[in-house]
Structures are given as structure tokens and as C-alpha cells.
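# Structural overview for review
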Amino acid sequence: IIESGLDIPTANTIIINNADQLGLAQIYQLRGRVGRAKEKAYAYLLISKGTTLTKDAQKRLKALMDFTSLGAGLHLAMHDLQIRGGGNVLGFAQAGHIAAVGYELYVKLIERAVSELKGEEFEEGINPEINVDIPAYLPGHYVMDTDVRLNLYRRLSAAAHASELQELVEEVTDRFGPPPEEVQNLFAVMSIRLRIKDLRIVRLDIGSHALTATFLDGKGVDMEKLMATVASRPGKFRFTPQGKLIINMGRLSFPQDLPVVEKTLKLLDTGRS
């Protein structure tokens, strides 16, 4: 019934016995057989009494409990990849160096190797540091599960565009309710982080009267336009002899003035060269 894709819209309950013996993708597909219409559905995963769960079985069941929202299939697939291993890129064996270095680093190494083979210059991504004296984190009373918090931190850090960050903000709000001040601050800091990554700013110190930006190098940024922007507002921007950019902000109050910081940084957005 499952493999043939038989669809019974009115079915609202499925009971899966010995769920610990099934793979993550198998349980996910089984669970998806109910709740295919407007009826609220339930999936019961049963484990035999006295069963000792393996470490991988615990991870599989934990992932299924954590990711229940619409569109969670991609995150379950990533967990399945981490649990089983990605295997050799050009082979069939489910083993390889990916287990030792981790999925994200493995993909980065592959991207670097492909760029070198194509004769292209590999551009290393930067991880900017933002220093501002406000609480910006996911508190335990808001997201109680430690693994879920860590996964959210990872996804926030990996967001590459403002649209991705906004989708994540909406997902967190939908799953855990209206975000407290610490979480709102975190989202604001992550939005600023996206802005300064494009400017190749590796460190941004946010003070009560000024911003201090430290650039990685001139690569990837139109430095001529950037210098012209700085020169056009000598009272607002100035470079130090060490190459740091000082941005005069007047009096700032946090966290309410974080959007003002991002708006000011937009003035430096001269585009990629």
C-alpha cells in the first residue's frame, strides 16, 4: 500500500510497530500516509518493551520528534545524511572522509577542488564578528530542546540572503511563539551580519556613538566606489591609518537603534566588483 502510493484521504491514524528498526526516510514516508486531507492526523511510533535503542535509532526518532512542521523534509534528509554518512562522491559505498570532517566542511573542500580544476579562483566565505553590548541568543525557556537550539543557530549562521533569514524568523515565530527581546536582538544582529558579509567586513564594533569596521581585503568589493562614498561624507565616514572605517552615528540606544545601524551600512553597499 505504501510503496504503490495508495492515498486514503480520510485515514487519520497510523501505528508503526518496532519503529526503531526502520530508517528515517522509511518512517517519514509511512507517517506521511495520514493527514493528507483536512482531518487532523496522528502517527504512533511503537517500540517493544525492554528494547535497547541503538545510538542511531535514538537520533532517528529524535529527529522525527523535532521536525514536524510543514516543509521539514529537507531537514530530516540532512539528519539522515549525517546519521548514515554521505558515502564516496563517485562510488557506491556508504562510507568515506565525510564522516571524519563533517558534511559542511566536506562540501567546501569539494567546491574548492572543483574551482581549481576549472581554473577559477575560489573565494573563501567569511564569518564576520559583531560586537555589541546587548543580549542576543535563543533562551532555554523559549526553545527548550538543546539540539533544536543548536540547529537553529547553525541555520541562522548559514543563511546567505535576507529572504532566507526572514523565512527562518517566520518559522521560529510559528513554532515557538512571539520571540522575546533576546531573540529579536539575535535576528537583528544576523541581518546586520548579512549586510557586512557582502562588504567583506570581518569585524564590526558597535559603540554608543560610532561603528568601527575592519575589512578583510579589497577583493570582491568595488573599493573605488567605497572610497568615493567615504569621501563624499567626511563628517560621517573616515578611514584610520590602520585601514579601519569609523562611522560616526551620534547617540545610539540599544537594542532599538539596531535598524539604524543596518540602514547606515546600506550607504556602503557599492556592490560586488
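Here the structure is a predicted model, which is why all the values come from computation and not from measurement.

Each value, and the rule that gives it
- Residues numbered from 1 in each chain as written.
- Predicted model: local features only at pLDDT ≥ 70, side-chain atom pairs only at ≥ 80, totals over all residues.
- Heavy atoms only, no water.
- Salt bridge = Lys/Arg side-chain N within 4 Å of Asp/Glu carboxyl O.
- Helix = DSSP H or I, 4+ residues; strand = E, 2+ residues; numbered from the N terminus.
- Buried < 20%, exposed > 50% of the residue type's maximum accessible area, 1.4 Å probe, protein only.
- Expected span 1.5 Å × (residues − 1).
- Contact = heavy atoms within 4.5 Å.
- Axes fitted to C-alpha atoms, helices over the stretch in contact; angles between N-to-C directions.
- Parallel < 35°, antiparallel > 145°, perpendicular 65-115°, else oblique.
- Left-handed = near helix turned anticlockwise from the far one by under 90°.
- Nonpolar A, V, L, I, M, F, W, Y, C, P; charged D, E, K, R; others polar.

## Section: the pattern of salt bridges
- Across all of its chains, the model carries five salt bridges by this definition.
- A salt bridge links Asp145 to Lys62, with the shortest nitrogen-to-oxygen separation between them at 2.6 Å. Highlighted residues: Asp145 in the loop between β3 (129–131) and α6 (146–158) and Lys62 in helix α2 (residues 55–66), separated in sequence by 83 residues.
- In this structure Lys62 comes out as partly exposed when scored by relative accessible area, which is 25%.
- We note a salt bridge from Arg175 to Glu171, for which the minimum N-O separation is 3.2 Å. In this pair, Arg175 and Glu171 both sit in helix α7 (residues 162–176), four residues apart, roughly one turn of the helix.
- For Glu171, a relative accessible area of 18% translates into the label buried.
- Each of Lys62, Asp145 and Asp147 takes part in salt bridges that share partners, so that together they form one network.

## A word on helix α8 (residues 181–198)
- With 18 residues, α8 extends 27 Å between its outermost C-alpha atoms, agreeing within 8% with the 26 Å of an ideal straight helix rising 1.5 Å per residue.
- Of all the positions in α8, only Glu182, Val183, Asn185, Leu186, Phe187, Val189, Met190, Ser191, Ile192, Arg193, Leu194 and Ile196 are classed as buried.
- The elements touched by buried residues of α8 are β3, α6, α7, β4 (201–206) and α10 (258–266).
- A positive phi of about 55 degrees marks Arg200, the residue just after α8.

## A look at the packing of α6 against α7
- For the pair α6 and α7, interaxial distance at closest approach is 9 Å and the crossing angle is 160 degrees. Here α6 lies roughly antiparallel to α7, going by the angle between them. In the packing of α6 onto α7, the handedness of the crossing is left-handed. Only Glu164, Leu165, Leu168, Glu171, Val172, Arg175 and Phe176 of α7 make contact with α6, whose side of the interface consists of Val148, Leu152, Arg155, Leu156 and Ala158.
- Its residues assigned to classes, the contact of α6 with α7 shows eight nonpolar, no polar and four charged.

## Re the environment of Glu164
- Tracing the sequence through the fold places Glu164 in helix α7.
- Ignoring any residue separated from it by four or fewer positions in sequence, one finds Glu164 in contact with Ala158 and Ala159.

## Notes on the environment of Lys49
- Counting through the fold element by element, Lys49 comes out in the loop between β2 (42–45) and α2.
- A relative accessible area of 89% places Lys49 in the exposed class.
- In sequence terms Lys49 and Asn18 are 31 residues apart; their C-alpha atoms lie 9.9 Å from each other.

## So, α2
- Spanning 12 residues, α2 covers 17 Å between terminal C-alpha atoms, matching the ideal 16 Å at 1.5 Å per step.
- Taken as a whole, α2 has its buried residues at Ala57, Arg60, Leu61, Ala63, Leu64 and Asp66.

## Overview of the packing of helix α1 (residues 24–31) against α2
- Taken N-terminus to C-terminus, the directions of α1 and α2 make an angle of 35 degrees; their axes are 10 Å apart at the nearest point. Crossing handedness for the pair α1 and α2: right-handed. Residues Leu24, Ile27, Tyr28 and Arg31 of α1 form the contact with α2, whose own contacting residues are Arg60, Leu61, Ala63 and Leu64.
- The residue makeup of the contact of α1 with α2, split by class, is six nonpolar, no polar and two charged.

Keep in mind these numbers describe shape, not what the thing actually does.
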